[in-house]
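# Summary of the model geometry
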Amino acid sequence: QVQLVESGGGLVQPGGSLRLSCSASGIVFRFYALGWYRQAPGKQRELVAGITSGGSTNYADSVKGRFTISRDNAKNTVYLQMNSLKSDDTAVYYCNADGTVRGLLDYWGQGTQVTVSS
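Residues numbered from 1 in each chain as written. Predicted model: local features only at pLDDT ≥ 70, side-chain atom pairs only at ≥ 80, totals over all residues. Heavy atoms only, no water.

### Points about the overall build of the chain
- Helices and strands together make up the secondary structure of the chain, namely zero helices and 11 strands.
- For the chain, the N- to C-terminal ordering of α and β elements is β-β-β-β-β-β-β-β-β-β-β.
- Radius of gyration (C-alpha) of the chain: 14 Å, near the 13 Å computed for a compact globule of 118 residues.
- Considering only C-alpha atoms, the chain reaches an extent of 45 × 25 × 25 Å along its principal axes.
- Looking at the chain as a whole, 39% of its 118 residues are labelled buried.
- Accessible area for the chain stands at about 6,200 Å²; split by element, carbon and sulfur atoms hold 46% of it. (Helix = DSSP H or I, 4+ residues; strand = E, 2+ residues; numbered from the N terminus. Rg over C-alpha atoms; globule rule 2.2 N^0.38 Å. Buried < 20%, exposed > 50% of the residue type's maximum accessible area, 1.4 Å probe, protein only. Areas by Shrake-Rupley, 256 points an atom, 1.4 Å probe, with all protein chains shown as cover.)

Given below as structure tokens:
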């Protein structure tokens, strides 16, 4: 059974930092591209940051220079370090593991709420 479990969300003041973690089980983690997506109320889910199996990263323009995605294949975990948080970053953040390039499946976590507010 495949599981992606996010943690680390919460309430933070503008300008603050949070680190999200997503721990995976039931997959060969190193084969998967990983991503963090977010969905704010009334908006579509959007890609925040991605990291390939080889370690290449990409970011949404809105978070470049503030967020950093990383992965630890030994721990089957992907991280999202979020600095200089803004109210616009408030959303539910979802972890994604995409194995479709290798003919594998695509999996999602249940999401973790991030609220940026004073």
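Resuming the write-up.
### Re the side chain of S21
- Along the polypeptide, S21 turns up in strand β3 (residues 18-25).
- Aside from chain neighbours lying at most four places away, what touches S21 is V5, E6, S7, W36, T77, V78 and Y79. (Contact = heavy atoms within 4.5 Å.)

### Brief notes about the sheet that holds strand β8 (residues 77-82)
- An order of β1-β3-β8-β7 is seen for the four strands of this open sheet, with the pairing classed as antiparallel. Among the strands making up the open sheet, the edge pair consists of β1 (3-7) and β7 (67-72). Adjacent strand axes in the sheet meet at a mean angle of 15 degrees, parallel and antiparallel pairs treated alike.
- The pairing of β1 with β3 spans five bridges and is antiparallel. When the sheet's bridge partners are listed, S7 is paired in β3 with S21. (Pairing = 2+ DSSP bridges. Axes fitted to C-alpha atoms, helices over the stretch in contact; angles between N-to-C directions.)

### Description of the nonpolar core
- Counting 29 residues, the largest nonpolar core has W36, F67, V78, L80, M82 and Y93 as the members making the most contacts within it.
- Among the elements of the structure, β3, β4 (33-39), β5 (46-51), β7, β8, β9 (91-98) and β11 (112-116) are those that each provide at least two residues to this core.
- Sequence-distant contacts of F67, defined by excluding residues within four places in its chain, comprise R38, V48, Y59, L80, Q81, M82, N83, L85, D89 and Y93. (Core = buried A, V, L, I, M, F, W, Y, C linked by side-chain atoms within 4.5 Å.)

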